[in-house]
Amino acid sequence: GQTRAALLLERESDALLRLTDRAFSGLFAATLLALLAAIGTLFLFAGRLSGRIRRLRDAAENALDRHGRVRGFPMSNARDEIGDLSRSFATLLGEVGVYTSYLRGLAGKLSHEINTPIAIVRTSLENLEADPQSPDARVYLDRARGGIERLGALVRAMSEAGRIEQAIESAESENIDLRRLVADSAEGYRPLLSPRALRVELPASSLPLRCAPDLIAQALDKLIDNARSFCPHDGWVRIALVSDGDGARLSVANSGPPLPASMRDKLFDSLVSVREKKAGDGVHLGVGLYIGKLVAELHRGRGEAHNLPDAAGA
């Protein structure tokens with residue numbers, strides 16, 4: 001139980017500090033290299049992932065063309081979630097494309113199918129009118145005649161819209177003087193718009209433009225018909241054509257009621273109309289401005305509507 005001896009080992013502190021620093025430096029360097037490698041791997045993975053997501057976003061944004069038709073959607077063969085998402089998008093857009101094609105051809109099919117029963121009903125009404133009828137029966141016959149005429153006008157309007165859309169798809173452009181086209185068309189509108197005043201504002205010189213002249217004339221017809229519907233008999237309609245950079249701006253204005261604020265952004269949609277139904281008025285499906293927009297977009301332009309100053313018209 002007694003201490004017989006003691007052994008003391010000594011070492012200089014500088015050597016111990018150098019050993020500690022060397023061990024810490026090695027550990028820090030290894031940790032830093034591992035951290036840089038992990039960050040680089042994460043950046044590569046994130047860059048590849050974000051690139052695939054951007055391509056998927058671009059494909060989704062370009063899935064529909066300016067006319068609402070479905071384009072092909074690229075499917076990915078990857079087995080991860082993004083690949084599954086792209087395949088789901090492709091399947092969904094394929095079904096939407098089939099349904100859209102069906103809807104586009106529906107108007108033509110309906111107009112073709114409805115024409116036969118309309119002809120049968122019209123013939124039956126003509127046969128009934130040939131026989132002597134009581135005054136009460138004559139009233140019902142007149143109502144039936146008005147209804148069948150309105151239905152026939154509706155079918156003709158649907159067929160016209162379908163034909164114009166097909167014409168837009170197959171339109172061929174040529175170089176013309178747009179000023180002369182508008183001037184010639186305006187002279188033909190004067191008796192149609194009478195007693196309304198027609199004002200025509202044209203550039204001083206010719207305005208060459210490469211376009212589809214028949215479609216330009218169709219669009220102008222729709223704009224004039226729209227202006228005539230809303231312009232009072234003592235009002236005015238103005239056609240203006242100005243050069244706009246490499247293109248042209250064609251506008252039709254009319255005195256009358258201003259545009260409804262809630263419908264201003266929807267006027268160029270298909271089957272949208274703000275006309276009030278009046279007795280003896282024709283059938284308006286709301287395709288006139290829509291056709292005008294399609295013609296403008298075919299020529300890399302656009303259609304827009306706004307009110308005149310002081311709410312004098314549109």
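Because the structure is predicted, anything quoted here is derived from the model rather than measured. (Residues numbered from 1 in each chain as written. Predicted model: local features only at pLDDT ≥ 70, side-chain atom pairs only at ≥ 80, totals over all residues. Heavy atoms only, no water.)

(A) Up close: the sheet that holds strand β2 (residues 197-201). Spatial strand order, β2-β4-β5: three strands in an open sheet with mixed pairing. Each edge of the open sheet is held by one strand with a lone partner, namely β2 and β5 (247-254). Going across the sheet, the axis of each strand differs from the next one's by a mean of 10°, ignoring polarity. Against the sheet, helix α5 (residues 213-230) engages β4 (236-244) and β5, with an angle of about 20° to β5. (Pairing = 2+ DSSP bridges. Helix = DSSP H or I, 4+ residues; strand = E, 2+ residues; numbered from the N terminus. Axes fitted to C-alpha atoms, helices over the stretch in contact; angles between N-to-C directions. Contact = heavy atoms within 4.5 Å.)

(B) Summary view of the pattern of salt bridges. Taken as a whole and assessed by the stated rule, the structure comprises nine salt bridges. Across the salt bridge formed by Asp184 and Arg180, the nearest N and O atoms sit 3.9 Å from each other. Of this pair, Asp184 and Arg180 both sit in helix α4 (residues 178-193), four residues apart, roughly one helical turn. Classification of Asp184 as exposed rests on a relative accessible area of 51%. The class for Arg180 is exposed, based on a relative accessible area of 58%. Asp225 is the salt-bridge partner of Arg228, the closest N and O atoms lying 3.4 Å from each other. Taken together, the positions of Arg228 and Asp225, both in helix α5 and three residues apart, correspond to about one turn of that helix. A relative accessible area of 29% places Asp225 in the partly exposed class. (Salt bridge = Lys/Arg side-chain N within 4 Å of Asp/Glu carboxyl O. Buried < 20%, exposed > 50% of the residue type's maximum accessible area, 1.4 Å probe, protein only.)

(C) A look at the confidence of the model for the protein chain. When pLDDT is averaged along the protein chain, the result is 81, and 86% of the positions lie at 70 or above. Confidence, read as mean pLDDT per element, is least for helix α3 (residues 135-169) in the protein chain (73) and greatest for β5 (90). (pLDDT = per-residue confidence, 0-100.)

(D) Summary view of the environment of Ser205. Looking at the element boundaries, Ser205 is found in the loop between β2 and β3 (208-211). Residue classification places Ser205 among the partly exposed positions, given a relative accessible area of 49%. Sequence spacing of Ser205 and Arg180 is 25 residues, and the spatial spacing of their C-alpha atoms is 9.8 Å.

(E) Highlighting the packing of α4 against α5. As a packed pair, α4 and α5 sit with axes 11 Å apart at the nearest point and diverge in direction by 35°. Read as a crossing pair, α4 and α5 show a hand that is right-handed. Of the residues in α5, those in contact with Leu178, Leu181, Ser185, Tyr189, Leu192 and Leu193 of α4 are Pro213, Ile216, Ala217, Leu220, Asp221, Ile224 and Arg228. In the contact of α4 with α5, the residues fall into 10 nonpolar, one polar and two charged. (Left-handed = near helix turned anticlockwise from the far one by under 90°. Nonpolar A, V, L, I, M, F, W, Y, C, P; charged D, E, K, R; others polar.)

(F) Summary view of unusual backbone geometry. With an omega of 10°, the peptide bond running from Ser194 to Pro195 counts as cis. The residue Pro195 is located in the loop between α4 and β2 in this model. Backbone geometry places Arg300, a non-glycine residue, at a positive phi of 60°. Looking at the element boundaries, Arg300 is found in the segment after α6 (288-298).

(G) Fine view of the side chain of Ser86. Within the element layout of this structure, Ser86 appears in helix α2 (residues 81-130). Within the local environment of Ser86, its side chain forms a polar contact with the backbone oxygen of Gly83, the two atoms lying 2.8 Å apart. (Polar contact = N/O pair within 3.5 Å; in protein donor to acceptor, adjacent residues only side chain to side chain.)

(H) Just the environment of Asn62, in detail. Mapped onto the elements of the fold, Asn62 is located in the loop between α1 (13-61) and α2. With relative accessibility at 46%, the residue Asn62 sits in the partly exposed group. Taking the C-alpha atoms as reference points, Asn62 and Gly72, 10 residues apart in sequence, are found 9.1 Å from one another.

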